[in-house]
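As a plain string of letters, each chain reads:
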Amino acid sequence: MAVVKANCYNNGMLIASYIQDYVCGFAVANVLEGVKLRSMGINKPILSLSFNKNEYSVCKKYNITSSISIPDNYVKGLKYHIAVDSGMNRCGVKGKDNLLELLKIMDAKDIEGVYSHIYSANRILTDSQLEKFNQSVDIVKKFNREILTHIFATNYKNCSHIIDSNMVRLGIGLYDNAIGVTSEILQIKDIKRGECIGYDGEFVADKPLKIAVCDGGYFDGIIRRFCGQKMAFNADFCKVIGKISMDSFIIDISDISAKVGDKIVVYDTENLSFDNRAQIMNISKYELMTALKGRFEYVYID
C-alpha cells in the first residue's frame, strides 16, 4: 500500500497515477486527499488514516475506506480499518477494554482491517508493539476472520520476518531514492575581502570570492540548516555561505567555472541524498522532504 499523504511527501500527487499498477492500494492522511485521488482517476482501494463521522457521505460516494479508533466515529455501512495504539500513544484504540467497546457496536462486515505503526528501531520497543498488535488482531478476528493486517511501513525489511501481515505501507521508501532537486544560478558576483554576505552579516569574506545567487530559499524547503552544506555543480561541490533567504541562497563558486542559468543540484540519489543530508544536518529526512514546496517545477520521468 503506497502512502501518498501530504502531497506524496510534497513530491506531487501525480506520482500516484504512475504507480497505480504496482500497488494494492493507497493510504492518505485524510478523506480530502482520498477524494483528490479519485478525481485523478485512481480506482485502487484508498485508506484514509483519519476520519470523523461527518465525512461519512463523502467516503460512501468516493468509496474510501476509513480508519477508526473511537466508537463516536462509527457509522454503519462503511469499510473500516481499526487503528491500534501499540505503544506510540498517537491515534488508535488503546487496550483490550477500549477495543472491545468499539467492536461491540460495529457490524462485523464493516471491519476490513486492523493496523498499527512501528515507531522505533529499538528491538525491545518493537517486540512490545508486535505483542500488543497480535493480541488486538486475535480479538478482532473473533468478530471477523477475513481482516487485513498491517503494521510495517518503510522499515519493514528490518522486521517483516517476525510477524505475518497482509500489507506494507510503503511511505518515504517510495521517494527518497528517486527524487532529485535542482536550483538555478540567478546572478554571479565578485566579493572583496572583508565584505559581508547574507542576512545579519554573519558571513564575512576572509579573501576575494566569486559567489552565485541561486533560486530557492526556505520558503521552497531549502531550510537555513543548509548554511555551510554542499551543493553540486557537475562533478564539483560548492559550499553554501551566509544565511539562507526566503527566496534564494548563495554559494561559493570561486574554484569553478559557472554561468547564469546553470543548474545547481540540491538533492540527488547519491552523495546529496535525503538520507545523507539528514545525517549531516542532524534532522529527520521526513522533515527535509516534506519541507519541499513552493516554486519548484515538478518533472516526472516514467
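Provided above is the structure to which this section pertains.
Residues numbered from 1 in each chain as written. Predicted model: local features only at pLDDT ≥ 70, side-chain atom pairs only at ≥ 80, totals over all residues. Heavy atoms only, no water.

**Student:** Outline the pairing of strand 4 (residues 65-68), supporting the account with residue identities and numerical values.
**Tutor:** The two faces of strand 4 match: Thr65 and Ser67 on one face and Ser66 and Ile68 on the other face are all buried. After leaving strand 3 (residues 46-48), the chain enters helix 4 (residues 56-62) and then returns to the sheet as strand 4, a path that is right-handed. Where strand 4 and strand 5 (residues 80-83) come together, three bridges link them in parallel fashion. By the bridge assignment for strand 5, Ser67 is matched with His81. (Buried < 20%, exposed > 50% of the residue type's maximum accessible area, 1.4 Å probe, protein only. Helix = DSSP H or I, 4+ residues; strand = E, 2+ residues; numbered from the N terminus. Right-handed = clockwise from strand over helix to strand, strands pointing away. Pairing = 2+ DSSP bridges.)

**Student:** I'd like to hear about the side chain of Ser245, residue by residue, with values.
**Tutor:** Looking at the element boundaries, Ser245 is found in the loop between strand 13 (236-239) and strand 14 (248-252). Given a relative accessible area of 18%, Ser245 falls into the buried group. When sequence neighbours within four positions are dropped, the list of residues in contact with Ser245 reads Tyr199, Gly217 and Tyr218. (Contact = heavy atoms within 4.5 Å.)

**Student:** Any details on the environment of Lys96? Residues and values, ideally.
**Tutor:** Relative to the helices and strands, Lys96 is located in helix 5 (residues 96-105). For Lys96, a relative accessible area of 54% gives the class exposed. On a C-alpha basis, the gap between Lys96 and Lys132 in space is 9.3 Å, while along the polypeptide they are 36 residues apart.

**Student:** Account for the pairing of strand 12 (residues 230-233), with residues named and values stated.
**Tutor:** Taken together, the four bridges between strand 12 and strand 13 define a ladder with antiparallel strand orientation. Its bridge partner being in strand 13, Met231 is matched across the sheet by Cys238. Hairpin connection between strand 12 and strand 13: a loop of two residues separates the two successive antiparallel strands, and Asn234 in this loop has a positive phi of roughly 50°.

**Student:** An account of helix 6 (residues 123-141) is needed here, citing residue identities and associated values.
**Tutor:** Counted at 1.5 Å a residue, the expected span for helix 6 with its 19 residues is 27 Å, and the 26 Å between its end C-alpha atoms agrees. Looking at helix 6, one finds that the buried residues are Thr126, Gln129, Leu130, Phe133, Ser136, Val137, Ile139 and Val140. (Expected span 1.5 Å × (residues − 1).)

**Student:** I'd like a description of the sheet that holds strand 4, backed by residues and values.
**Tutor:** Reading across from one edge, 1-2-3-4-5-6-7 is the order of the seven strands in this open sheet, with parallel pairing throughout. For this open sheet the edge positions go to strand 1 (2-3) and strand 7 (148-150), each flanked by a neighbour on one side alone. Along the sheet face, helix 6 touches strand 5, strand 6 (111-115) and strand 7 and points at about 165° away from the line of strand 6. (Axes fitted to C-alpha atoms, helices over the stretch in contact; angles between N-to-C directions.)

**Student:** Tell me what's going on with the packing of helix 5 against helix 6, and back it up with residues and numbers.
**Tutor:** At a closest axis distance of 11 Å, the pairing of helix 5 and helix 6 adopts a crossing angle of 25°. Put simply, helix 5 runs roughly parallel to helix 6. In this structure, helix 5 meets helix 6 at a crossing whose hand is right-handed. From helix 5, Lys96, Leu99, Leu100 and Leu103 reach across to helix 6, where they touch Ser136, Ile139 and Val140. Residue composition of the contact of helix 5 with helix 6, by class: five nonpolar, one polar and one charged. (Parallel < 35°, antiparallel > 145°, perpendicular 65-115°, else oblique. Left-handed = near helix turned anticlockwise from the far one by under 90°. Nonpolar A, V, L, I, M, F, W, Y, C, P; charged D, E, K, R; others polar.)

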